[in-house]
Amino acid sequence: METDNLLDGASGEYGSRTGSERGGAPGGRRMSDSVYGDSSGVDREPGDEELYIQQAVVFIEDAIKYRSINHRVDAGSLRLYRWYYSGIIQWGLGLTIAAVLLLAFAERPSSFSISSDPRHRSPAWQPPCGLTESIEMICLIILSVDVAVKSYLIGWEEFRKSKWLIGYTVVILISVMDWVLSVSMVCDEKLRVRRLLRPFFLLQNSSLMKKTLKCIKRTLPEIASVILLLALHLCLFTMIGMLLFAKTEDPKKNGEWELHFRNLPSSLTSLLVLLTTANNPDVMIPAYSLNRCYAIFFVVFSVIGTYCLMNLLTAIIYNQFRGYLLMSVQTSFLRRRLGIRAAFQVLTCRGARRAAGERARVDAVLEVMSRVKMKRYYRAAITTVAQQYEDVGFMDREQFTKIFDELDKDCIKEHPPLPQYSSPTLQKLQLIFSHYYLILFGNAVALANVVCICTVLVLNSEKSTAERDNFVLEIINLCFILYYLFEMCVKIFAFGWQGYLSYRNNIFDGFLTVLLLALQITIFISYRLPYSQWEPSAHGVLSLWEMIRLVNLLIVFRFLRIIPDIKLMALVASTLLDLVKNLRAFAGILVVVYYVFAVFGIWLFEGAIKPPDSSVPTNTSMENITSNFSVACGTYEQLEYWPNNFDDFGAAIILLYDVMIVNNWQAFIDAYSRYTTEWSKIYFVCWWLISSVMWVNLFVALILENFIYKWDRSHSCSVTDVERIRYETSVQLIFREQIQEPTEEELVCQLHQHPHLQLQW
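All figures in this text were calculated on a predicted structure; none of them were measured in a lab.

Enquirer: How should the overall build of the protein chain be read in this particular structure?
Expert: When you go through the protein chain residue by residue, the secondary structure sums to 30 helices and four strands. In the protein chain, which comprises 761 residues, the share counted as buried stands at 48%. The contacts in the protein chain between residues at least 6 apart in sequence include a share of 78% that link residues at least 24 apart. Of the roughly 37,100 Å² of accessible surface on the protein chain, a fraction of 65% belongs to carbon and sulfur atoms.

Right, dumping it as structure tokens:
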């Protein structure tokens, strides 16, 4: 997962600290560790030489990961720092945070039941008191060690300025106190405050999440102005609607009033739901059936609110957020440049004489690059560029900075050469089987297989599984699987093992082919050679139909092999993969919001909605249950939305998702306002504003930004190039063209302000 920067959220953003704020000139401050420029031309001790290399290695790693360099730089602290940011420690920390968050599914009320429907839900497994509490305490101890290590690495002065680390400490302390209270009450407490604080652990461990949250906070004033305009629009039309659809003497003309405009809360709710089009055209039908002119009211409301104000709100959210995110990315880019500049500065102290000027030795640079933890192809690219200066022996500052431009370039994947065959016949066969037309023919065969499966399914759609003639479908699948095996073998012959495995689509294709072949052999072993008159309904673990269904699912899934061969589809697929890798911080914020609202929902509405007769036997049909009481059409009860509730954490997550989609969300608002209080509508409206209006629109906009970025970079590439190029897509690279390069004066000023590094120039 994405690692945290030690100083994120501190009051000391790079551009906000000056020498006077830190107590005088940089040269006159007391530092915990020192690196001195070699003004006398005397070489350093071997220990100092090694320290400079370690410092340069860590600074380069900070630059690669956009981390702050404001941490301790003595030898022991550097070893601790690299250990802390090692892959296994960060994965362990991520698993600890995930375990803490997942405890909500096991804690009371437990989500461990087959169904969330209270009408026929079996009693959920409740963990014994002390089980989840023990796991939670272990996680809290690990998180306490985490905050202690972070605090030590940055020092006490920087810790006091870091709001996130202070908040991290406070949350852990509150969680421990609440944990002690739970254990003392034998896990019988109704309210666990620490459940609400757990998402903070996820937020503080991701620098990009913290930047995103900060950008959202700065965007709120602009959002509030449009929401205020939206509220004014809603209130204005609510008053007009209550005047138009007031109660009359004729009961036949009171349909609109009775259903949607009976009072102010009902009127506001009806029009708010109409703003999302969830109750359109139901909300206007009673009035429209009396007079077609009433439709003008609802059309004007929807055009202004839904198509103008809501889209304007989306545009403002994205535009303002993009501006603040660009500023945040600018800070991240400054961190990279500052890390590179700091590495160069300490390398100039490594046995260099003042007469040589500010130049780093090439052998020192190569030694640093051999120790830096980074992707292999980036290390190879940077090392290759650095070796060009070996004849000179030194690199100046601009040359040193320039070699790290390779970090922003795409990796071109080179495939191994084709195997060489001496026989002319084998050479011709190799030419045929390595041709692009074989791939096109294979795609056509895969399409034909899917069409055959679809045809058989359509013909047998009305038959039960026992009546279906699985023999025909089995023979069809066998023929296609044999071709897939043939295709895989000839590709291995043409490209060789290494060449075959160098293509990601070949790995996907070959894995599914081997799996299909194994399933086919299993069918023959279990059922011998099947014939049309022998069709057992079940045999062994799986019936013949179930095994054939699994084969068909894999064949349909295998059809995805066509994606890399169609440029636009390949770009779309790679964009989705990049979103999972690089924009997970934005989804992480949504996870945090889901978690908080789910906990609040359980506190407020657990057990609020109960079926009309919970004692109905389990063998009673749903028709008999619903016939015992009359319900209005379109309500929670009539739609049988009973599984959507706040009775446990898992059910609460699904209910919040259903409301976020805004399809029929008025049924939930109506039900909880009837079973609890009218004030419950505030909860659902707040969730709709945060999830559907703000975050989903923002996430869609970022998806578009990501796709446009990749499309602009690959529009001139062929399909083969798209497959070979590993597009490095991150938030920093998406906004790379809008980022300004920091000046040398800015970098030097930041280096002078380093709390643990003293440089004399």
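Now that the structure has been shown, we can carry on.
Enquirer: I tried to follow the packing of helix H23 (residues 584-605) against helix H25 (residues 649-661) on my own but got confused; where do I start?
Expert: In a pair of packed helices, the angle between the axes and the distance between the axes together describe the arrangement. Where H23 contacts H25, the two axes come as close as 9 Å, and the packing angle between them is 115 degrees. Judged by the angle between their axes, H23 and H25 are roughly perpendicular. For the pair H23 and H25, the sense of crossing is right-handed. Of the residues in H25, those touching H23 at Tyr594, Tyr595, Phe597, Ala598, Val599 and Ile602 are Phe649, Ala652, Ile653, Leu656, Tyr657 and Met660. Considered class by class, the residues forming the contact of H23 with H25 number 12 nonpolar, no polar and no charged.

Enquirer: Where do I start with unusual backbone geometry in this structure?
Expert: With the exception of glycine, most residues fall at negative phi, and the peptide bonds are largely trans. The omega angle of the peptide bond from Arg108 to Pro109 is 0 degrees, so this bond is cis rather than trans. The residue after Asn280, namely Pro281, is reached through a cis peptide bond having omega 5 degrees. Within the secondary structure, Pro281 is located in the loop between helix H11 (264-275) and helix H12 (285-288). Although it is not a glycine, Glu640 sits at a positive phi angle of roughly 55 degrees. Within the fold, Glu640 resides in the loop between helix H24 (622-626) and H25. Backbone geometry at Val662 places phi at a positive 60 degrees, although glycine is not the residue there. Counting through the fold element by element, Val662 comes out in the loop between H25 and helix H26 (665-675).

Enquirer: Could you clarify how one ought to interpret the confidence of the model for the protein chain in this entry?
Expert: Atomic detail in the predicted coordinates should be set aside for any region of low pLDDT. A residue-level look at the protein chain finds 79% of positions with pLDDT of 70 or above and a mean pLDDT of 80. Every residue in residues 351-356 scores below 50 in pLDDT, and together they form eight contacts with partners more than four places removed in sequence or on other chains. Within the model, the stretch residues 614-628 combines pLDDT values under 50 with six contacts to residues more than four positions away or in other chains.

Enquirer: So what exactly am I meant to see when it comes to the pattern of salt bridges here?
Expert: As a working rule, side chains carrying opposite charge can pair if their charged atoms are close by. On inspection of all chains with the given rule, the structure shows 26 salt bridges. When the shortest N-O distance is used, the salt bridge between Glu744 and Arg397 registers 3.2 Å. You can see Glu744 sitting in helix H30 (residues 744-752) and its partner Arg397 sitting in helix H16 (residues 397-403), a full 347 residues away along the chain. Glu637 is paired through a salt bridge with Arg674; the nearest N and O atoms lie 3.0 Å apart. Placement of the pair is Glu637 in the loop between H24 and H25 and Arg674 in helix H26, with a sequence separation of 37 residues. Via salt bridges that share partners, Glu107, Glu133, Glu136, Asp178, Glu189, Arg192, Arg194, Arg195 and Arg198 belong to a single interconnected network.

Enquirer: Please clarify how helix H18 (residues 436-459) should be interpreted in this entry.
Expert: Every α-helical turn comprises 3.6 residues, leaving residues that sit three or four positions apart pointing alike. Compared with the 34 Å implied by 1.5 Å per residue over 24 residues, the 35 Å span of H18 between its first and last C-alpha is a close match. Regarding H18, the residues found buried are Leu438, Gly442, Asn443, Val445, Ala446, Asn449, Val450, Ile453 and Val456.

Enquirer: Which parts of the structure should I look at to understand H23?
Expert: Along its 22 residues, H23 runs 30 Å from first to last C-alpha, staying within 8% of the 32 Å computed at 1.5 Å per residue. Immediately beyond the C-terminal end of H23, within one or two residues, lies Gly607, with a positive phi of roughly 70 degrees.

Enquirer: I keep staring at the packing of aromatic side chains and nothing clicks. Help me out?
Expert: Aromatic rings in a pair are described by how distant their centres are and how their planes are angled relative to each other. With the rule as written, the count across this model stands at 43 aromatic pairs. Between Phe344 and Phe400 the ring centres are 5.5 Å apart and the planes differ by 45 degrees, which places this aromatic pair in the tilted class. Highlighted residues: Phe344 in helix H13 (residues 295-348) and Phe400 in helix H16, separated in sequence by 56 residues. Phe344 sits in the buried class, given a relative accessible area of 1%. Summarising the aromatic geometry, the rings of Tyr483 and Tyr484 are spaced 6.3 Å apart at their centres and angled 65 degrees between planes, so their arrangement reads as edge-to-face. You can call Tyr483 buried: its relative accessible area is 16%.

Enquirer: It is not clear to me how the state of the cysteines should be interpreted in this structure. Could you clarify?
Expert: Cysteine pairs can be covalently joined through their sulfur atoms, and such a bond is termed a disulfide. Considering all chains together, one arrives at one disulfide under this definition. Disulfide partner of Cys129: Cys187, at an S-S distance of 2.0 Å. Residues Cys129 and Cys187 share a disulfide whose torsion about the S-S bond is about 70 degrees; that sign makes it right-handed. Separated by 58 residues along the polypeptide, Cys129 in the loop between helix H3 (87-106) and helix H4 (131-154) and Cys187 in the loop between helix H6 (163-184) and helix H7 (193-197) bring together distant segments of the chain. Judged by its relative accessible area of 40%, Cys129 is partly exposed. Cys187 gets classed as buried once you look at its relative accessible area, which sits at 6%.

The rules we used
- Residues numbered from 1 in each chain as written.
- Predicted model: local features only at pLDDT ≥ 70, side-chain atom pairs only at ≥ 80, totals over all residues.
- Heavy atoms only, no water.
- Helix = DSSP H or I, 4+ residues; strand = E, 2+ residues; numbered from the N terminus.
- Buried < 20%, exposed > 50% of the residue type's maximum accessible area, 1.4 Å probe, protein only.
- Contact = heavy atoms within 4.5 Å.
- Areas by Shrake-Rupley, 256 points an atom, 1.4 Å probe, with all protein chains shown as cover.
- Axes fitted to C-alpha atoms, helices over the stretch in contact; angles between N-to-C directions.
- Parallel < 35°, antiparallel > 145°, perpendicular 65-115°, else oblique.
- Left-handed = near helix turned anticlockwise from the far one by under 90°.
- Nonpolar A, V, L, I, M, F, W, Y, C, P; charged D, E, K, R; others polar.
- pLDDT = per-residue confidence, 0-100.
- Salt bridge = Lys/Arg side-chain N within 4 Å of Asp/Glu carboxyl O.
- Expected span 1.5 Å × (residues − 1).
- Phe/Tyr/Trp six-rings, centres within 6.5 Å; stacked < 30°, edge-to-face > 60°.
- Disulfide = S-S within 2.5 Å.

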